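Chain by chain, the residues:
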Amino acid sequence: MMNRKIKIFLCFASVIVLSLSIASAYENAASFKSIGDNMPDNIHLSFKSDPSASMTIVWDTSIPAGSFVQYGMDQHYKMAAKGGKRSSLLHEVDLIGLESNTTYHYRCGSEDGWSQDHTFKTAPLEDDNISFIVMGDSRNDLGKLNFDGWKRVADAAASDDFDFTLFSGDMVFCGFNPLEWKAFFDSATMLMLKAPFMAVLGNHEFCSPLYFTLFATPDAKNKGWYSFNYGNVHVAVLNTETSLLTSIKPNLFPADMGPDSEQYRWLEDDLSNLPDDMWKVVVLHRPPYSCGKAHGDQTDVQPITELFDEHNVDLVFCGHDHGYQRSKPMVDGKVTEGKGTIYVISAGAGAPLYPLNEGDERLSYAKSCYHYTLVEVDGNVLTLRAKYPDGEVFDSLTLKRGS
Ligand SMILES: [Fe+2]
Ligand SMILES: [Fe+2]
């Protein structure tokens, strides 16, 4: 097997070859699909602000084209919005002032070429049932543009009912490689069109500007961290890759996530003053605690878990150790008999699987398998189901508030 350091070196060599300019590289990749095609492609949804009142639509074209979205309650599209271009071929339009808990029809593009009719639904204001998918690690190995594993998991997830996807990072092997990003999106068309896709930075994104260009999030300053409320769920997304060097060698260049860090202070503020009846969910790439034999505990990430304990975070979702793990309730890094945070690693979206130390006493369940996780929230009851790509549930958990 190729040495990890050699892989990383080759990755950066490919960066030099592929992207003298990040933007133009993406445009070159876009032109691969078919010369002269100005039809919207790789359409994906996300939200940059309140998901009950806004939606952002991002797509690309192979030749320069306008950036418009027509939308409304039906296919007569009584409203329209114009967007900016993130590059000459990558388009982004923000829809604001939307009604909560409402399904909208839309099409994107311009008179040079419109997409088909698609729909999206805005978030409810409060206690309506909601559900979301959690998954991570879809990458293939260096230089491989075959994302068949990712496509299988993404298509399976897309067949479920859910309101948004949380993807915990490592979407591609090298975040600077525009060809991989194209393959990633091409393999997940159904998932991307179904509901907003909220991205998290993994080490394999290598802090690439392409990641921040392709995904619109509430993270306006490109810090890699952000949060949002969806119904009665608060989601905080963290960045374990606080520098390029951290992405390459975290044991030598630890993440800046200690009490004096900007991210720590941001999360402390973010988790303060949330209503007691709100579920608190954190998503990050490298797991503070893991029984994975490939990576294991990420000690540089652990300092920020103080805040999970202090603010009674219910669930922490991670990636990085390819496979599935669900911990027992934990406080201060140790299993507790009382109330604690449950750490779930849901990192089986197509990347090569890693072996796990299934005898780790912190575990409730672990399996090295391809899968996705579906979380359903019905007021004070939260149900988690981990599913194989064929839809079979192999692990489940129900949490009840007030018990
Ligand atoms: Fe990974
Ligand atoms: Fe990773």
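Residues numbered from 1 in each chain as written. Chains lettered and ligands numbered in written order. Predicted model: local features only at pLDDT ≥ 70, side-chain atom pairs only at ≥ 80, totals over all residues.

**Digging into the pairing of strand β13 (residues 226-230)**
No. 1: With four of its five residues buried, β13 lies for the most part within the structure.
No. 2: Looking at chain direction, β13 and strand β14 (residues 233-237) are connected through five bridges and run antiparallel. Bridging across to β14, Asn 229 finds its partner in His 234.
No. 3: What sits between the antiparallel neighbours β13 and β14 is a turn of two residues, in which Gly 231 has the positive phi angle 60 degrees. (Buried ≥ 20, exposed ≤ 12 C-beta atoms within 10 Å, placed from the backbone. Helix = DSSP H or I, 4+ residues; strand = E, 2+ residues; numbered from the N terminus. Pairing = 2+ DSSP bridges.)

**Topic: the pairing of strand β4 (residues 79-82)**
No. 1: Strand direction decides the pairing type here: strand β3 (residues 68-72) and β4, joined by four bridges, are antiparallel. The partner of Phe 68 across the bridge, within β4, is Lys 82.
No. 2: Between β3 and the antiparallel strand that follows it, β4, lie six residues; Tyr 77 among them carries a positive phi value of about 45 degrees.

**Details of the sheet that holds strand β20 (residues 342-347)**
No. 1: Judged by pairing direction, the sheet is mixed, and its seven strands sit side by side in the order β13-β14-β15-β16-β20-β17-β21 without closing on themselves. Looking at which strands have only one partner, the edges of the open sheet turn out to be β13 and β21 (363-367). Averaged over all pairs of adjacent strands, the angle between their axes in this sheet comes to 15 degrees, without regard to strand direction.
No. 2: Examined bridge by bridge, strand β16 (residues 315-318) and β20 share four bridges and lie parallel to one another. Paired with Leu 315 across the strands is Ile 342, a residue of β20. (Axes fitted to C-alpha atoms, helices over the stretch in contact; angles between N-to-C directions.)

**Things to note about helix α3 (residues 148-158)**
No. 1: Every buried residue of α3 is listed here: Gly 149, Trp 150, Lys 151, Val 153, Ala 154, Ala 156 and Ala 157.
No. 2: The inward-facing, buried residues of α3 contact β10 (130-135), α4 (178-186), α5 (189-194) and β22 (372-378). (Contact = placed C-beta atoms within 7 Å.)

**As for the environment of Ala 294**
No. 1: Position of Ala 294 relative to the elements: it lies in the loop between β15 (279-283) and α9 (305-310).
No. 2: Along the sequence, Ala 294 and Leu 356 sit 62 residues apart, while their C-alpha atoms lie 7.9 Å from each other.
No. 3: In contact with Ala 294, not counting residues within four places along its chain, are Asp 321 and Tyr 354.

**Digging into the domain arrangement of the chain**
No. 1: By domain assignment, the chain separates into domain 1 (41-121) and domain 2 (130-400).
No. 2: Using only C-alpha atoms to locate each centre, domain 1 and domain 2 end up separated by 27 Å.
No. 3: Facing the 16 residues of domain 1 at the interface are 15 residues of domain 2.
No. 4: Within the residue set of the side of domain 1 that touches domain 2, elements represented by two or more residues are β1 (41-46), β2 (55-60), β6 (90-95) and β9 (118-121).
No. 5: When the residues that make up the side of domain 1 that touches domain 2 are grouped by side-chain class, the tally is six nonpolar, six polar and four charged. (Domains from an automatic or database assignment. Nonpolar A, V, L, I, M, F, W, Y, C, P; charged D, E, K, R; others polar.)

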